[in-house]
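# Structure assessment
Listed below are the residues making up each chain.
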Amino acid sequence: MTPPPPVLRPYRSEDREALVDICVRTGHEGGDARHLYPDPTLLPNIFAAPYAVLEPELAFVVEDGGRAVGYILGTADTASFVDRYRAEWLPGLADRYPAPVREPATPAEAMTALMHDPERMVLPELADYPAHLHIDLLPTHQRSGYGRRLMDTFLAALHAQGVKAVHLSMLTANTRARAFYDRVGFHEIAVPDAGPVTYLGRSTQ
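Residues numbered from 1 in each chain as written. Predicted model: local features only at pLDDT ≥ 70, side-chain atom pairs only at ≥ 80, totals over all residues. Heavy atoms only, no water.

### So, empty space enclosed by the protein
- A complete count under the given rule lists 1 cavity of 30 Å³ or more for this structure.
- When its volume is computed, the largest cavity comes out at roughly 30 Å³.
- In terms of lining residues, the largest cavity is bounded by Ile-46, Tyr-51, Phe-81, Tyr-85, Pro-118, Arg-120 and Met-121.
- Here the residues of the lining of the largest cavity are counted per class, giving 6 nonpolar, no polar and 1 charged. (1 Å grid on protein atoms, 1.4 Å probe; cavity = no way out; pocket = protein on both sides within 12 Å on 5 of 7 lines; lining within 4 Å. Points joined across faces, edges and corners; volume = space filled by probe spheres on them. Nonpolar A, V, L, I, M, F, W, Y, C, P; charged D, E, K, R; others polar.)

Encoded structure:
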């Protein structure tokens, strides 16, 4: 019997374990980051889980064989998300991931510093793009059209909420991701002193 094809559907709470796995297995320039972060939940607790918990209506997954293999998630309003992250999400992580007291010396320490600085996401250059997103697919399901379908679904959900534009940040070195974002209509946003990342944006229409 031929197995059913992958399906795109809203995120469910039982997808949490798969969400964590996808995030860390695509967290190093699109590739596996498990060798960089001894705690495999560190990256997901910054870039995936808070969105699924705080704005589940904007979280969607590709399911294959009964398990999520890709996701898109984000927020309709970055400034409001930062406030909620600070008040509702970060306190539950503070004991496990104490705020750094020195300059980060490892990738894990650098990410922990980001975890404790959600305000970094609010930049004046991004004011016209109030929403932001994260999208990840396991390598087995890339280049098969699922990324575009996830993006179309997310943009439609934002548009239904009256949100006119969205942005994202990506490691400039991840050229494969940049090619995908170019194909789905994103353009570069000039942000001074952006460091190793590039900011991209587009309308939700």
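### Quick word on the sheet that holds strand S6 (residues 187–189)
- Reading across the sheet, the 7 strands line up as S1-S2-S3-S4-S5-S7-S6 and stay open at both edges, with mixed pairing between neighbours. Only two strands of the sheet have a single partner each, and these edge strands are strand S1 (7–10) and S6. Each adjacent strand pair in this sheet contributes to an overall mean axis angle of 30 degrees, direction not counted.
- Pairing analysis gives 5 bridges linking strand S2 (residues 60–64) to strand S3 (residues 67–75), with the strands arranged antiparallel. Bridging across to S3, Phe-60 finds its partner in Ile-72. (Pairing = 2+ DSSP bridges. Helix = DSSP H or I, 4+ residues; strand = E, 2+ residues; numbered from the N terminus. Axes fitted to C-alpha atoms, helices over the stretch in contact; angles between N-to-C directions.)

### Describing the nonpolar core
- Ranked by internal contacts, the top residues of the largest apolar core, which has 60 residues, are Leu-133, Met-151, Tyr-181 and Phe-186.
- Leave out the neighbours within four places in its chain, and Leu-133 touches Ile-72, Leu-73, Gly-74, Met-151, Phe-154, Val-166, His-167, Leu-168 and Phe-186.
- One finds Leu-126, Tyr-129, Ala-165 and Ile-189 within the second-largest nonpolar core, a separate group that totals 6 residues. (Core = buried A, V, L, I, M, F, W, Y, C linked by side-chain atoms within 4.5 Å. Buried < 20%, exposed > 50% of the residue type's maximum accessible area, 1.4 Å probe, protein only. Contact = heavy atoms within 4.5 Å.)

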